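Tertiary structure, described
The lines below spell out each chain.
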Amino acid sequence: MFPDAPPILITPTTLEIPLTLGQRALTLHFYDLHIPLHHIAKVAPAPDLSNYWLGFRVGAHLPHVITAGTFYHLREKADFIYVKDTSRAIRIELVPGAAYRSVILEVPPEKRIAEAIEEIQAAIEAYDRTYNTKNK
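So, here is what we can say about the structure in this document. What you see is a predicted model, and the numbers here were worked out from it, not measured in a lab.

What to know about the packing of aromatic side chains
Following the criterion strictly, the structure yields two aromatic pairs and no others. Look at tyrosine 127 and tyrosine 131: their rings are 4.6 Å apart centre to centre, the planes differ by 40°, and that puts the pair in the tilted class. Here tyrosine 131 and tyrosine 127 lie together in helix 2 (residues 113-131), a separation of four residues that amounts to about one turn. Judged by relative accessible area, tyrosine 127 falls into the buried class, the value being 10%. Looking at tyrosine 131, the relative accessible area reads 39%, which means it is partly exposed.

The following block contains the structure:
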């Protein structure tokens, strides 16, 4: 009924989340997300979104069905969320100054949550080694 979660693509410098036309319509977000790896502070399993204050939304939220869109908070940056199955979601926390506070995405069914987290963390470590960002 609703489009599946977007893929998480890792390049040497960015984490890319391409959105299909259906995902863009559902989230009211009209561009793909491109997150520079040096903007990622932490990657972990996502909290249970049914007990999570999502904020004011631009998008869709049908509890236990889908949560998709940008969720704004009063004194903090917004979160971008696209999750149908909360048990398969990861939270990518971003550094201050990034476009969002965090991005919460569902991991594709063929991948384990721990595997997705390890891949992103490995890409961040490779970026740090290549561009030596920790010593600047």
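Let's talk about the pattern of salt bridges
The full count for this structure, using the stated rule, is six salt bridges. Residues arginine 101 and aspartate 79 are paired through a salt bridge, measuring 2.6 Å at the closest nitrogen-oxygen approach. Of this pair, arginine 101 sits in the loop between strand 8 (89-94) and strand 9 (102-106) while aspartate 79 sits in strand 7 (residues 79-83), placing them 22 residues apart in sequence. Among the residues examined, aspartate 79 registers a relative accessible area of 0% and is labelled buried. Salt bridges here are not isolated pairs; linked through shared partners, they connect Glu76, Asp79 and Arg101.

Digging into the environment of leucine 37
If you trace the backbone, leucine 37 turns up in the loop between strand 3 (33-36) and strand 4 (40-45). What makes leucine 37 buried here is its relative accessible area of 1%. For the pair leucine 37 and alanine 99, spaced 62 residues apart in the sequence, the C-alpha separation amounts to 13 Å. Each residue touching leucine 37, except ones within four places of it in the same chain, is listed here: Thr11, Pro12, Thr13, Thr14, Leu15, Ala123, Ile124 and Tyr127.

Side note on the sheet that holds strand 1 (residues 9-10)
Across a sheet, paired strands are connected by hydrogen bonds in the backbone, their directions being either parallel or antiparallel. As summarised here, the arrangement of the three strands in space is 1-2-3, forming an open sheet in which the pairing is antiparallel. The open sheet has two edge strands, strand 1 and strand 3, and neither has a second partner. As paired elements, strand 2 (residues 14-17) and strand 3 share four bridges and run antiparallel to each other. Residue isoleucine 17 lies in a different strand from strand 3, and its bridge partner there is leucine 33.

What to know about the sheet that holds strand 5 (residues 56-62)
Strand order in the open sheet made by the six strands is 4-8-9-7-6-5, with mixed pairing throughout. In this open sheet, the two edge strands, each paired with only one partner strand, are strand 4 and strand 5. Recorded for the sheet is a direction-independent mean angle of 10° between the axes of neighbouring strands. Here strand 6 (residues 66-72) runs beside strand 7; their pairing, made up of five bridges, is antiparallel.

Reading guide: rules and limits
- Residues numbered from 1 in each chain as written.
- Predicted model: local features only at pLDDT ≥ 70, side-chain atom pairs only at ≥ 80, totals over all residues.
- Heavy atoms only, no water.
- Phe/Tyr/Trp six-rings, centres within 6.5 Å; stacked < 30°, edge-to-face > 60°.
- Helix = DSSP H or I, 4+ residues; strand = E, 2+ residues; numbered from the N terminus.
- Buried < 20%, exposed > 50% of the residue type's maximum accessible area, 1.4 Å probe, protein only.
- Salt bridge = Lys/Arg side-chain N within 4 Å of Asp/Glu carboxyl O.
- Contact = heavy atoms within 4.5 Å.
- Pairing = 2+ DSSP bridges.
- Axes fitted to C-alpha atoms, helices over the stretch in contact; angles between N-to-C directions.

Interpretation in functional terms is not warranted from these geometric data alone.
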